[in-house]
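For reference, the chains in residue letters:
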Amino acid sequence: MKILDNFFNLFKPSYSVVVSMYHVVPGRKVQKYDHRHDFGKGGVEQARTFYNAVIAKHTETGFPGTEINLIKGKGTVVHTKQFGPVDMIKTLNVA
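This one's a predicted model, so the numbers in the text were calculated from it and none came from an experiment.

Asker: What is the right way to read the side chain of Glu67 from this model?
Answerer: Topologically, Glu67 is positioned in strand β3 (residues 66–72). On the basis of relative accessible area, Glu67 is assigned to the buried category, the value being 8%. Among all residues touching Glu67, those that are not within four sequence positions of it are Val18, Val19, Ser20, Tyr22, Thr80, Lys81, Gln82, Val86 and Lys90.

Asker: Would you explain the pattern of salt bridges in this entry?
Answerer: Close approach of charged atoms lets side chains of opposite charge pair. In total, this model carries four salt bridges according to the counting rule given. As a salt-bridge pair, Lys32 and Asp34 come within 3.9 Å of each other at their nearest N and O atoms. Using a relative accessible area of 34% as the deciding quantity, one classes Lys32 as partly exposed. Between Lys90 and Glu67 there is a salt bridge whose closest N-O contact spans 3.1 Å.

Asker: Where do I start with the packing of aromatic side chains in this structure?
Answerer: Within this structure, the stated rule accounts for one aromatic pair. Aromatic side chains Phe39 and Phe50 sit 5.8 Å apart centroid to centroid with 55° between the ring planes, which places their arrangement in the tilted category. With a gap of 11 residues between them, Phe39 in strand β2 (residues 31–41) and Phe50 in helix α2 (residues 44–61) connect regions that are remote in the sequence. Take Phe50: its relative accessible area is 27%, and that puts it in the partly exposed class.

Asker: Where do I start with α2 in this structure?
Answerer: Owing to its 3.6 residues per turn, the α-helix aligns residues three or four sequence positions apart on the same side. Helix length check: α2, at 18 residues, gives a terminal C-alpha distance of 26 Å against a target of 26 Å (1.5 Å per residue), a fit within 8%. Within α2, the full set of buried residues consists of Ala47, Tyr51, Val54, Ile55 and His58. Relative to the axis of α2, the buried residues are bounded by an arc of 100° and lie together on one face. Opposite the packed face of α2, turned more than 90 degrees from it, sit the exposed residues Glu45, Thr49 and Glu60. Buried residues in α2 make contact with β1 (14–23), β2, β3 and β4 (76–83). Phi turns positive one or two residues past the end of α2, at Gly62, with a value near 75°.

Conventions and cut-offs
Residues numbered from 1 in each chain as written. Predicted model: local features only at pLDDT ≥ 70, side-chain atom pairs only at ≥ 80, totals over all residues. Heavy atoms only, no water. Helix = DSSP H or I, 4+ residues; strand = E, 2+ residues; numbered from the N terminus. Buried < 20%, exposed > 50% of the residue type's maximum accessible area, 1.4 Å probe, protein only. Contact = heavy atoms within 4.5 Å. Salt bridge = Lys/Arg side-chain N within 4 Å of Asp/Glu carboxyl O. Phe/Tyr/Trp six-rings, centres within 6.5 Å; stacked < 30°, edge-to-face > 60°. Expected span 1.5 Å × (residues − 1). Arc of directions from axis to C-beta.

In short, geometric facts, not functional conclusions.
Structural data, given as structure tokens:
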């Protein structure tokens, strides 16, 4: 049955978690840093567990200007969580 499971995994989408951190310094362009963690095809449970762990850690530490996305496939955002005024920061001049 392991062979059959591996065959079906070929047709499942891959998942990734992207953590975007925005650093705002007055008088300078807003710096954006992306951290991407990829999970293999059919890795929805590992990706969701990691996504929830990152949210818990950011809630505990309180980083402002952070956006966390769980992405399915090549760009479909399944879940997103924002800490701080991310929507306002995105309208500024991001480098």
